Every structure is written in C-alpha cells, then in structure tokens.
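Spelled out, the chains give:
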There are 2 protein chains.
Amino acid sequence: MSKLLAELNPSPRILMGPGPSDVHPRVLRAMATPLLGHLDPEFLGIMNETQALLRWVFQTQNTLTFAVSGTGSAGMETCVVNLIEPGDRMVVCVHGVFGQRMVDVAQRAGAEVTVLERSWGDVFPLEMIRETLRKVRPKVLGIVHAETSTGACQPMEGLGELCHEYDTLLLVDTVTSLAGIPVEVDRWQADAVYSGTQKCLSAPPGLAPVTFSPRAVEVIHHRKTKVQSWYLDVTMVERYWGQERFYHHTAPITMIYALREALRLVQEEGLEARFARHRLHHSALRAGLAALGIRYAAVEGHQLPQLNAVWIPPGADDLATRRMLLERFGIEIGGGLGDFKGKVWRIGLMGYSCRANNVLLFLAALEQCLLAQGVRIPEGAAVAAANQVYREHGASQAVR
Amino acid sequence: MSKLLAELNPSPRILMGPGPSDVHPRVLRAMATPLLGHLDPEFLGIMNETQALLRWVFQTQNTLTFAVSGTGSAGMETCVVNLIEPGDRMVVCVHGVFGQRMVDVAQRAGAEVTVLERSWGDVFPLEMIRETLRKVRPKVLGIVHAETSTGACQPMEGLGELCHEYDTLLLVDTVTSLAGIPVEVDRWQADAVYSGTQKCLSAPPGLAPVTFSPRAVEVIHHRKTKVQSWYLDVTMVERYWGQERFYHHTAPITMIYALREALRLVQEEGLEARFARHRLHHSALRAGLAALGIRYAAVEGHQLPQLNAVWIPPGADDLATRRMLLERFGIEIGGGLGDFKGKVWRIGLMGYSCRANNVLLFLAALEQCLLAQGVRIPEGAAVAAANQVYREHGASQAVR
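Residues numbered from 1 in each chain as written. Chains lettered and ligands numbered in written order. Predicted model: local features only at pLDDT ≥ 70, side-chain atom pairs only at ≥ 80, totals over all residues. Heavy atoms only, no water.

Mapping chain B onto chain A calls for a screw motion: a turn of 180 degrees about the axis and a shift of 0.0 Å along it, with 0.0 Å RMSD after fitting. Seen this way, the second copy is the image of the first under a two-fold rotation axis. Most of the interface of chain B is mirrored in chain A, where 100% of its interface residues are also at the interface. (Least-squares fit on C-alpha atoms with pLDDT ≥ 70 in both. Contact = heavy atoms within 4.5 Å.)

Structure, rendered in structure tokens:
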C-alpha cells in the first residue's frame, strides 16, 4: 500500500430504503464520544440505562433484555440457537426472505423444521397456525412481525396464547417494526424477540436488541447441550449484562452509545407520537403513489407504514430508476429481494427518515425519474395528493 | 420510563488496559459521518479500500480478507466454525484465557479437541507442537500469537511449515498483536487469522478483521456440512465482501468507517515506525516498573510490548489501586483473568494509547497510589527511569 488513502468523504444521502435509515445528528454526535472501558463502572451504568430503555421500547418486564453485539441477523441466530437443541421441532412461518432465513438458521442449529408457507405479501391467519401446532407440537414457533421483503405486517393478536396452549415458545422477528409500529412483547406473550438498530430506531447497524421471557430463560437454563455458538450464548452473555458483570466479550461501546442516544430520542418523542408520525407520513406517501397508479405488494389492511413495498409501474426500469434517484437526488430506495427481485421497490419511512420533507422530495424526484423514462403519469399529482393529506391532517409537521 | 434519560456524558479516560485502547480523534470524527446504504456503490468502494488496507496490515495477499460484523471473539468463532466440521480433530495450544476460549468454541463446533498446555506466561516450543501434530494429525492447529491474559508473545517462526508437513491448517489469534507488533500472515503461512479493532488498531470494539489463505478457502468450499452459524458463514459473507456484492446481512457501516480511518492512521505512520513506537514506550514503561521492583508475568524474551502483564507488588491491593487510578487520574488498567485474577495487572500500550505522555503520567500516578497504600518504593524513581530511556533514545517523541 504505497498510495495513501484519501479522507472519508461519502456523498450525502437520504436513506429511504429498507434500512439503514438516516441517523439523527444527535446519534452521530454520540458516537464521537471518547470511549469508556467495557468494565468501567460508568459504562456499566450506561448498559443499565440502555437495558431499561430497551425494556420500555419492547414493552416488556423481561429481565433478560439486552443488545447482541452483531446486526439483526445475529439477533435472529441468538434467539434460535439458545432455544433450540439438536432434534427439537420448530415451525417457521415463511412469507418472505426473513422467514426463509429463519428456516436456514434453525436447520443449522439442528432443529427439525416444519415450514408453514403463505404467499409473499400475505399474512398468516391464526387458524392456519393452530392447525400446524396441533399436528407438530413444536418447541418453538418462529414468525416475522414486519416482513422487510414484502412490507406485510403479521397480526400478533392471540398468537402467544395459542402457542402456550401447545407448550410452544413464540419467537418473533421485530427487526423492522420496533419503534415504528406497536411491539408489545408482554401483551403478545412472546418468548424471544429480536430487532435491529438500523430501522425505526435510526441508529447505525451493528447491534441487535433482544428480549427473552422468563419462560424462555427457564428453557435455556435447562438445556441438555451447550449452545452451539459461544459468542451468542445468552447463559454467558446474561452474566455480563446482568448483576455479575462477568467478562464475556468486549461490548461494542460506541454502538451502545449510539443505541442509548437513539432510544433517548424515542423516549423524548413518546411511543404513541412516534407511531402516529409513521402512520401520517405513510398516508401521505401512499396517497402520492396512488396518484401515480402505483400499488402495494402486501395485502390490503396489513401494509407496514414504515416499509412501503410497491409494484414497479409498467414502463419503469428498476435499476435505471433507482440509479437516477441515487445519482440525481441522493435518495436511496430498496429493490426487491428473492421472489420480488425486479418487481417491487421498497420505500422506507423509518425513524429519522420518516419526515414530510422526505416524502415530498421523494415523490417529486420519482415523478422526474418516471417522466424521463417516458412513463405516462399525471404531472404534479403525486406531490399534490401528499400535500392534501398533510393539509387535512392540519397539525404542523415538525421535522424531527 | 417516565423519567427522561440525561445526555451521554462519560468521564474522560486514559485507556491503558487490555483493550479497548484510546480511539484517535480522527476515528471518533469519522464515526459522526452520515451513513451510506450498505449496498451503495460508494460504500462498496469503502469496503474495497478497507479490505486492501486489511491485507496490507495482515501482510497477506489473501483474497478472503474482511471484517466480521462482531467483536474479536466473533472473529475466533468465524475461523473455527468455518474450518471445523463435526468430528474433525483440532489441537489447541492453551497458555492463557484465550486459548481456553478457543477450546470451548471448537468443542461447540463439534471438534475432537486435543489440548496442548503450557504454563501461563510461557510460550510453546516448536518441538512440543511437532510431537502433538505427529500423534494427533489434526485438521486444524489453533494458537494465540499475543495472549492478552498473560502478555506472552508466541514465536511464529516455522510453525506454518510444520503444520503443513502434517496437512494441518494453522489458525492464529492476533487480536492483541495486529498493528502493534509484526503480524506476517503470508510469511507465517497461516491459514486463518483473526483480530479485533479495539487493541493496537485503536478503533472502537465491534469488528473482527479476519483473513483466510487459499488453502483454507479450498477446505471451506469442500465442506460436507453447512457451517453451523448462518451469521458467520464465510461462504455467504464472501459473496457480499467479494465481486458479487450479494446481500447477506447489513454491514455495520459506521464501524467500517471507523476501521477505515484507523487503518489510514496506521498507513500514514507506517508499520515499521508503529512497531518501533510500541517497543520504545514499552521500554520506558518497563524501566519505570523495574525501578519500583515490579516484574513481568510472561517469560523473559517473550513479553509483548503492547500488553504489560506484571505481578502486583507485595503490599498493594489490586482493586484499591485500580480504583484509585481510575477515580483520581481517569486511568484504566486491567486486572488479571482466570489463574491470574488478583495476581497481575495488565497495562496496555496499544495504538493511540501508546504514547510518552501516558507512560509518564501512569508511572507518576502509580507511585502516588502505591505510596498511599504504604508500599515502600523509591520516590520519583519510576518516572526518572522512564525519562532516562526517552533521553537515551534521543528522538523527540511525537504524540501521535
């Protein structure tokens, strides 16, 4: 390496894809804070505060609530490998990429997996799940609350009770839902829940908030085999995040600073206000897209406000449009994954990215991109429709 | 959570423990940079640059060189679970905590582990390893280059050749050595090597640089079973860090920014100058400690310059001394782990923490702490001895 590398100087972006979302300036600033040691009494205090806020945002009293030192997928793996022992039966509900991923993770952990499938964009009716639980009697049922690949929101009502009827633990993926729409771990009676920091929490990727119910902890403490992953073994991690403060691995200190600050912002806004903000800007975006004739990929009534997966309109080129949005306007949106590759766009309105400015600019930019490709759309209609929603809503739209 | 959390406001620290080390202001600033998406063409360029610098700092041409999205222990687990299939034989050299940890990780991966032991603080002679390889014929030999729990530096000369004589892959832990003392992956003929960011690279904890030789990659590509960890499976991760750029998990973008900037600082300083700096300040610290009658825990001739593990002097209380250093001076040093708990202190001089200012202040502060406890030491002798080293060295000691 003879040539010295230039200074880091990335172009400014507006992150409206499936995550990461834009990070609030206060969170960025928190990361420039000089480090404490990972066993410093002050850092242990910061860990306690972060855990308390995580419990609140998860709406749970679970003691074993902390941030896994990895991204959302490490959170998934943590939940699976701690609950599953080789030969255990697990049912995984698959209606998108992240359900598929859970199947793979569970099989690698030695689970006998039964896959319950549903069309992409659809959700699972309770009765369909009951049927399978009755037949399979699994140790664990895994389901994705907010499917990032389809924009579908799985209803959680009654699912925990149903699982417990069959002595099954309920494992829930809330990577894209936490802090964007209600996640109520205790009311849901969920037993293991994981999330990520780079979606509606609007911190950078790098940590996976997780929480385990007392029922799950009981199961983990009575395992016959060691957890296959040393790094993700919560029986050891809980001694570091718990009272003992026993060294396990070095916590990613700066990322914890970021998460704490991101959670503080959620706390200052309030959960209800935050959910309402996500709904409002979703309505405006949705009205704008409807004015262009663009339709949602997820079934009606189960569409996530924070992740708008829509069919690419006829005449528009997937890559060309996304490249134009990125290069001309600095706007990132996501393409489709798996079955939806080349067919859908995923427009994120998550956390700090979920703002009127972004909705209006995106609709204006999309209009330009579509017109440039000769797609026939009513000029000005998208922005007008969005503005109509904001006007009806009345309240001034503070940029948060 | 009715009470709003206060602003993040940690006390200033001088990190002279076993890691994390102090993070250079330029690295802190890099982390305040707004995020690119993890599939943004500009971010992919930043990943390429980071990989090129990692190859250089590892002194390797290995294509499969990247940063695992977890801390150093995740790097250990990545190397083990990708090389090992259930039933494979592995020899692990244990002369401290991190060798022990590798045994645990390997057993969880299904390896038949043979433990080769040596007293804590000692190192392994080549002939002892040859004997074991001849008997066991393992698939993998695991060894720690810089044992963070004892401060011992394992000589690597001839070890790669020896392993390959027996068709064994050489796995090396360089968590505490990389960028502090020479790590020469290709010259060593090492096959899988991992490190951490929070030691001599002086970035925050959160990433684990790893590199795999073509020989190791060949073995991984011919596995009969899937890697047990989805998150750490390099056959998938290499498609994201490689040409394809196939989405696996969301990279911890901000941590990559930090690592890139930390590597740039190494590049600007130069490896040789960096190693010389670590040796110089180690000599000064060592002279100061010797003046107080404080001795090293690792055997003579194999003591790491960047991690000074020393016996706690008679009359000094472990916890009281460390608390006093932290509370009065903001200085963090490490206590002993495992067998060395309560017996040794671990004084780190890593990366940005490795500076004359820190050596002199630490010796002055330690003197005050020892005198306060009634330990009989010659007043002023430690600082005088360190200054003598700096004077003899002649060159002005730039603060880096």
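What follows covers the domain arrangement of chain A. Residues and elements named next belong to chain A. The domain boundaries assigned to chain A delineate domain 1 (25-267) and domain 2 (270-393). Here domain 1 and domain 2 have C-alpha centroids that lie 29 Å from each other. With 31 residues of domain 1 at the interface, the matching set in domain 2 holds 24 residues. Here domain 1 packs against domain 2, burying approximately 2,200 Å² in sum over the two surfaces, 66% of which is carbon and sulfur. By the criterion of area lost to domain 2, the three top residues of domain 1 are Trp120, Gly151 and Cys200, representing 21% of everything that side buries. Where domain 1 touches domain 2, the interface holds zero salt bridges. Summed over the shared surface of domain 1 and domain 2, the number is eleven residue pairs in polar contact (both at pLDDT 80 or more). If you list the elements that add at least two residues to the side of domain 1 that touches domain 2, you get helix 2 (41-58), helix 4 (97-108), strand 6 (146-147), strand 7 (152-153) and helix 10 (253-269). By residue class, the composition of the side of domain 1 that touches domain 2 is 17 nonpolar, eleven polar and three charged. (Domains from an automatic or database assignment. Buried area = accessible area lost by both parts, 1.4 Å probe. Salt bridge = Lys/Arg side-chain N within 4 Å of Asp/Glu carboxyl O. Polar contact = N/O pair within 3.5 Å; in protein donor to acceptor, adjacent residues only side chain to side chain. Helix = DSSP H or I, 4+ residues; strand = E, 2+ residues; numbered from the N terminus. Nonpolar A, V, L, I, M, F, W, Y, C, P; charged D, E, K, R; others polar.)

Residues and elements named next belong to chain A. Under the 1.5 Å per step criterion, the end-to-end length of helix 3 (residues 72-83) is 17 Å for twelve residues, consistent within 8% with the ideal 16 Å. Of all twelve residues in helix 3, twelve are buried, a share of seventy percent or more. When we look at burial in helix 3, the residues that qualify are Gly72, Ser73, Ala74, Gly75, Met76, Glu77, Thr78, Cys79, Val80, Val81, Asn82 and Leu83. (Expected span 1.5 Å × (residues − 1). Buried < 20%, exposed > 50% of the residue type's maximum accessible area, 1.4 Å probe, protein only.)

Attention shifts here to unusual backbone geometry. The omega angle of the peptide bond from A:Gly19 to A:Pro20 is 5 degrees, so this bond is cis rather than trans. One non-glycine residue, A:Gln59, adopts positive backbone phi at about 55 degrees. Relative to the helices and strands, A:Gln59 is located in the loop between helix 2 and strand 2 (65-68). Unusually for a residue other than glycine, B:Ser202 sits at a positive phi of about 55 degrees. Mapped onto the elements of the fold, B:Ser202 is located in the loop between strand 9 (192-194) and strand 10 (208-212). Assessed through its relative accessible area of 3%, B:Ser202 is described here as buried.

Residue and element names in this part refer to chain A. The strand order 2-10-9-8-5-3-4 describes an open sheet built from seven strands, whose pairing is mixed. Of all strands in the sheet, those with a lone pairing partner are strand 2 and strand 4 (112-117), marking the two edges. Averaged over all adjacent pairs, the angle separating strand axes in this sheet is 20 degrees, with direction ignored. Two elements, strand 2 and strand 10 (residues 208-212), share four bridges in a ladder whose sense is antiparallel. Note on strand 10: the bridge partner recorded for threonine 65 is threonine 211. In the packing of helix 4 onto the sheet, contacts are made with strand 3 (89-94), strand 4, strand 5 (140-144), strand 8 (169-173) and strand 9 (192-194), and the angle to strand 3 comes to roughly 160 degrees. (Pairing = 2+ DSSP bridges. Axes fitted to C-alpha atoms, helices over the stretch in contact; angles between N-to-C directions.)

The next subject is the packing of aromatic side chains. Inspection of the entire model under this criterion finds eight aromatic pairs over all chains. Here the basic side chain of A:Arg239 rests over the ring of A:Phe246, its NZ or CZ set 4.2 Å away from the ring centre. (Phe/Tyr/Trp six-rings, centres within 6.5 Å; stacked < 30°, edge-to-face > 60°. Lys NZ or Arg CZ within 6 Å of the ring centre and 35° of its normal.)

The next thing to look at is the interface of chain B and chain A. By a frequent convention, interface size equals the accessible area lost on bringing the separate parts together. Opposite the 74 residues of chain B that make contact, chain A presents 74 residues. Our count for the chain B to chain A interface comes out at ten salt bridges. Ionic pairing is found between B:Arg13 and A:Glu42, a salt bridge with its closest N-O pair at 3.5 Å. Between chain B and chain A we count 32 residue pairs in polar contact (both at pLDDT 80 or more) in total. Breaking the side of chain B that touches chain A down by element, the ones donating at least two residues are helix 1 (25-31), helix 2 (41-58), helix 3 (72-83), helix 4 (97-108) and helix 10 (253-269) of chain B. With nine residues, helix 10 of chain B is the single largest residue contributor to the side of chain B that touches chain A. Considering only residue class, the side of chain B that touches chain A consists of 38 nonpolar, 18 polar and 18 charged.

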